Amino acid sequence: MEKIMPNRLDRGFYQYQEEFEAKALEVLRSGWYVLGREVASFEEEFAAYLGAKHCVGLASGLDALWIAFRILGIGKGDEVIVQGNTYIASVMGITINGATPVFVEPDEYFNIDAAKIEEKITKKTKAVLVVHLYGQASNMTPVVKLCKKHNLRLVEDCAQSHGAKFAGRTTGTFGDIGCFSFYPSKNLGAFGDGGAIVTDDEKLAEDVRVFRNYGSEKRYYNRVVGTNSRLDEMQAGLLRVRLRHMSELEEEKRRISEKYLKNLDSPHIMLPRIREGATHIWHQFVIRSGRRQELIDYLNGKEIGTIIHYPIPPHLSEAYVYLHIPQGSLPITEEYADTVLSIPLYNGMTDAEQEYVIDAINGWR
Ligand SMILES: *Cc1c(COP(=O)(O)O)cnc(C)c1O
């Protein structure tokens, strides 16, 4: 068997090869490549899929995050609460605008520990950024309540949680703005970069629509200093193809993950858990081990690749030395960074591949 990689984007392409190729040709032949029919249709279809009123396509997930805070007027002198154990882009979405991230420890589901938010609220706090990490919806009921109580904006980073739900409601629709990435490895992945903002607030949606296109409503009339962050027609068209198959794709990843949960029985690893009331779309299957490096080396020796999401928490990254948050200040976050490991999981993974991975892990001593 060839080496088993943590992810296989080619498999995802071949699953719907004919539809992707037909759409790509259609877009190429259309003569219209930026902000056209495909983008408008995708925005409508993705909003409907989530149960949101408006969707605005953007160039990336990071753009969705920083533009969200920019449009909400959150910047210098403001604080935004976010979990410590996230991908650094969540934090950059806050700091690009000059705002300060205030980190909260995660719970045992790798998401923000809602019980630890209130103690971090100060006069400067303007918003909470919830990240639905690895594909599992966060514990939203207490977060929504706290944001109402303290009059805070609620932004969701759904880059890993397309379609995941908490208490029957889709992530991205709980607060003011939901931010999505369509980076190729995400559950709803494009064939290049892409992102989107969703909101129920028409005014916010309109502001983002203007901001993404140089602050221009009408050609050559610029209302504000905006940016260039447009989803292109090719990505939007290809995303529409994938979106039509989302329920099958989600079901496939769920089936593979449930098989892992049922069959992995090594005493040297901890399996991921699912919160009551939450759904998990399994962007990653993340186990933990106190002997992680040994496990990585052992699996490499068996031609099985793994990845760490993420080895350095944002507060300890070189980029954020200026925040002066010392090592040891977020012990759970740091413990996760030292022990988490994502094992192979992708659409198009074969039974033989998965059984090989399960046998290898269970055989580890
Ligand atoms: C991927 C990701 C982003 C950034 O998305 P890009 O499209 O790569 O800019 C932000 N937050 C999280 C949690 C992500 O996983």
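Our subject is the structure that appears above.
Chemist: Explain the nonpolar core to me, please; I cannot follow it from the model alone.
Modeler: Buried together is how nonpolar side chains tend to be arranged in soluble globular proteins. Ranked by internal contacts, the top residues of the largest apolar core, which has 38 residues, are Ile67, Phe69, Val80, Leu129, Cys179 and Ile197. Counting residues per element, the ones that place at least two in this core are β1 (54–58), α4 (61–71), β2 (79–83), α5 (88–95), β4 (125–131), β8 (177–181) and α7 (202–211). It is α4 that provides the largest number of residues to this core, a total of seven residues. Leaving out residues up to four positions away in the same chain, leucine 129 has contacts with Leu65, Phe69, Val80, Ile81, Val82, Gln83, Ser90, Ile94, Val155, Glu156 and Asp157. Membership of the second largest hydrophobic core comes to 25 residues, among which are Val39, Ala47, Leu188 and Ala236.

Chemist: I tried to follow the environment of isoleucine 177 on my own but got confused; where do I start?
Modeler: Along the chain, the position of isoleucine 177 falls in strand β8. For the pair formed by isoleucine 177 and glycine 163, sequence separation is 14 residues and the distance between their alpha carbons is 15 Å.

Chemist: What exactly am I supposed to notice about helix α10 (residues 292–301) here?
Modeler: Since the α-helix packs 3.6 residues into each turn, any two residues three or four apart lie on the same face. Every buried residue of α10 is listed here: Arg292, Leu295, Ile296 and Leu299. Projected down its long axis, α10 carries its buried residues within an arc of 100°, all on one side. Of the residues one or two after α10, glutamate 303 is the one with positive phi, at around 65°.

Chemist: When you look at the side chain of glutamine 284 in this model, what are you seeing that I'm missing?
Modeler: Take glutamine 284: it is sitting in the loop between α9 (246–263) and β12 (285–288). With sequence-adjacent residues up to four places away left out, glutamine 284 is seen in contact with Tyr134, His309, Ser342 and Leu345.

Chemist: Even after reading the chapter, I still don't get the pairing of β1, so can you show me in this structure?
Modeler: Successive side chains on a regular strand alternate, one facing one side of the sheet and the next facing the other. Of all five residues making up β1, five are buried, and the element is well covered by its neighbours. Burial along β1 is two-sided: the face carrying His54, Val56 and Leu58 and the face carrying Cys55 and Gly57 are both buried. Bridge count between β1 and strand β9 (residues 195–199): five bridges; the pairing is antiparallel. Opposite glycine 57, over in β9, you have alanine 196 as the bridge partner.

Chemist: Please explain unusual backbone geometry as it appears in this structure.
Modeler: Across the chain, the bulk of peptide bonds are trans and the bulk of non-glycine residues have phi less than zero. The residue after histidine 309, namely tyrosine 310, is reached through a cis peptide bond having omega 10°. Along the chain, the position of tyrosine 310 falls in the loop between α10 and α11 (331–339). Positive phi, normally seen in glycine, also occurs at tryptophan 282, with a value near 55°. Turning to its location among the elements, tryptophan 282 is positioned in the loop between α9 and β12. On the basis of relative accessibility, which here comes to 2%, the residue tryptophan 282 falls in the buried class. Phi is positive for histidine 324, close to 55°, though the residue is something other than glycine. Turning to its location among the elements, histidine 324 is positioned in the loop between α10 and α11. Take histidine 324: its relative accessible area is 66%, and that puts it in the exposed class.

Chemist: Explanation requested: the packing of α9 against helix α12 (residues 351–362) in the structure shown.
Modeler: Packed helices, taken two at a time, are described by the angle their axes make and the gap between the axes. Contact geometry for α9 and α12: axes closest at 11 Å, N-to-C directions at 25°. Our classification of the angle between α9 and α12 gives roughly parallel. In the crossing of α9 with α12, the sense of the turn from one axis to the other is right-handed. Every residue of α12 that contacts α9 at Arg255, Ile256, Lys259, Tyr260 and Asn263 is listed here: Asp351, Gln354, Glu355, Val357, Ile358 and Asn362. Here the contact of α9 with α12 is composed, by residue class, of four nonpolar, three polar and four charged.

Chemist: I tried to follow the site of the ligand on my own but got confused; where do I start?
Modeler: Around the ligand sit 14 residues, and of these Gly61, Asp157, Gln160, Ser181 and Lys186 come closest. In this structure, an oxygen atom belonging to the ligand sits 2.6 Å away from a side-chain N or O atom of serine 181. At 2.7 Å from an oxygen atom of the ligand is found a side-chain nitrogen or oxygen belonging to lysine 186. Relative to its unbound accessible area of 380 Å², the ligand is 91% covered by the protein chains. Listing elements by their share of the shell around the ligand, those giving two or more residues are α4 and α5. Tallying contributions element by element places α4 first for the shell around the ligand, with three residues.

Criteria and thresholds
Per-chain numbering applies: the sequence of each chain, read as written, is numbered from 1 onward. Per-residue local features of the predicted model are confined to residues with pLDDT of at least 70, and side-chain atom pairs are confined, for both listing and counting, to 80 or more; whole-chain, interface and lining totals are unaffected and use all residues. With hydrogens and water set aside, each side-chain value is computed from the structure's full complement of heavy atoms. Throughout this description, the term nonpolar core refers to a set of buried Ala, Val, Leu, Ile, Met, Phe, Trp, Tyr and Cys residues connected via side-chain atoms within 4.5 Å. Only protein chains enter the area calculation, which uses a 1.4 Å probe; residues under 20% of their type maximum are buried, those over 50% are exposed, and those in between are partly exposed. For the purposes of this entry, the term helix denotes a DSSP run of H or I that reaches at least four residues, the term strand denotes a run of E that reaches at least two, and both are numbered from the N terminus. Here a residue-residue contact requires only that any non-hydrogen atoms of the pair lie within 4.5 Å. Note: the arc covers the axis-to-C-beta directions of the helix. Two strands are counted as paired when DSSP detects at least two bridges linking them. Fitting a line to C-alpha atoms yields each axis, with helices limited to the stretch in contact; the angle taken between N-to-C directions then spans 0 to 180 degrees. For classification, angles of less than 35 degrees are called roughly parallel, those exceeding 145 degrees roughly antiparallel, those between 65 and 115 degrees roughly perpendicular, and all remaining angles oblique. Here a crossing is taken to be left-handed if its near helix is turned anticlockwise relative to the far helix by less than a right angle, and right-handed if that turn runs clockwise. For this classification, Asp, Glu, Lys and Arg are treated as charged, while Ala, Val, Leu, Ile, Met, Phe, Trp, Tyr, Cys and Pro are nonpolar and the rest, including Gly, are polar. Residues are labelled near a given molecule or strand when at least one of their non-hydrogen atoms is within 4 Å of it. The definition of a polar contact used here is a pair of N or O atoms within 3.5 Å, where within protein one atom must be able to donate a hydrogen and the other to accept one, and adjacent residues in sequence count solely through side-chain atom pairs. Method for areas: the Shrake-Rupley scheme with a 1.4 Å probe, in which residue coverage is limited to the protein chains shown.

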